[in-house]
Amino acid sequence: MNHFDTRHSFVAVIGDIKDSRHLENRKEVQTHMQTILEQVNEKYEEYIASRFLITLGDEFQGLLYTGENVLHIISEIRMQLYPVHLRFGIGFGQITTDIRAEMALGADGPGYYRAREAIERLKEREKKNRPVPAELCFKMGEQNRRTEIMLNTIFNLIYVIEKNWTKRQREIIWDMLLYEDGQQNTARRLNISQPTVQKALAAGGYYTYENALKNAAEILGEIKDE
């Protein structure tokens, strides 16, 4: 068990699979999710205070030192597990218990309370069939209410763009986001022409989408202790 300064604010992430009980290959999805989380733990090791792991069958959680890479982590999990849909709650705040670096279990405090509140808010919106059932929600303390509203508004607008993508647009856009190395390389990986990539990016609002993600990531990375 590692002992971090619990006065420091962390970023808690809780995610779960939507409508998991209706999945025909539920066990395979859970196994695949575990593999994805292990990859995330290795790739982002220096940013992770407690490693991501599955906690309740279809739910998983992890703890980050800062919000710098939280959107990259969430995007990678979503992309690799698609077409399975997920929801994510992000909570910013202190952790009042000892933190175990090897797994995000047993820790408690405002950071996790807010992540749980965020994911429950998404579930309630889905039950009420709200017009923009975004898959990501962020919670902070009351003194940062404006930042919280701004980020959640960005997440909602991002979802509005994304939910209108065709299968091909999603494939191309997510490849661009995952590899970050240009249209020619995306075309080569997907065995299509560069003009096809360019057309899909334009039709799918890629540059607006990518810029919104980038700006949200910068804001999350700059949030300081409460």
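Residues numbered from 1 in each chain as written. Predicted model: local features only at pLDDT ≥ 70, side-chain atom pairs only at ≥ 80, totals over all residues. Heavy atoms only, no water.

What about the sheet that holds strand β1 (residues 9-17)?
Piece 1. Strand order in the open sheet formed by five strands is β2-β3-β1-β4-β5, and the pairing between neighbours is mixed. Each of the sheet's edge strands pairs with one partner strand only, and the pair in question is β2 (48-54) and β5 (136-139). Each strand axis lies, on average, 15° off the axis of its neighbour in the sheet, ignoring direction.
Piece 2. In this sheet, strand β4 (residues 86-94) lies alongside β1 in antiparallel orientation, the contact comprising nine bridges. If you follow V13 over to β4, its bridge partner there is I90.
Piece 3. Strands β1, β2, β3 (59-64), β4 and β5 of the sheet are contacted by helix α2 (residues 70-81), whose axis makes an angle of about 160° with β4. (Pairing = 2+ DSSP bridges. Helix = DSSP H or I, 4+ residues; strand = E, 2+ residues; numbered from the N terminus. Axes fitted to C-alpha atoms, helices over the stretch in contact; angles between N-to-C directions. Contact = heavy atoms within 4.5 Å.)

Digging into the side chain of N152
Piece 1. Along the polypeptide, N152 turns up in helix α4 (residues 145-162).
Piece 2. Apart from the residues lying within four places of it in its own chain, the contact partners of N152 are R121, L136, C137 and F138.

A look at the packing of aromatic side chains
Piece 1. This model, assessed by the stated rule, comprises five aromatic pairs.
Piece 2. Sitting over the face of the ring of W174, R170 holds its NZ or CZ atom 4.9 Å from the ring centroid.
Piece 3. Positioned above the aromatic ring of Y179, the side-chain terminus of R189 is 3.8 Å from the ring centre. (Phe/Tyr/Trp six-rings, centres within 6.5 Å; stacked < 30°, edge-to-face > 60°. Lys NZ or Arg CZ within 6 Å of the ring centre and 35° of its normal.)

What to know about the pattern of salt bridges
Piece 1. Inspection of the entire model under this criterion finds 21 salt bridges.
Piece 2. For the salt bridge of E126 with K18, the shortest nitrogen-to-oxygen distance reads 3.6 Å. One end of the pair, E126, is in helix α3 (residues 110-127); the other, K18, is in the loop between β1 and α1 (26-43), with 108 residues separating them in the sequence. (Salt bridge = Lys/Arg side-chain N within 4 Å of Asp/Glu carboxyl O.)

Keep in mind these values describe shape, not function.
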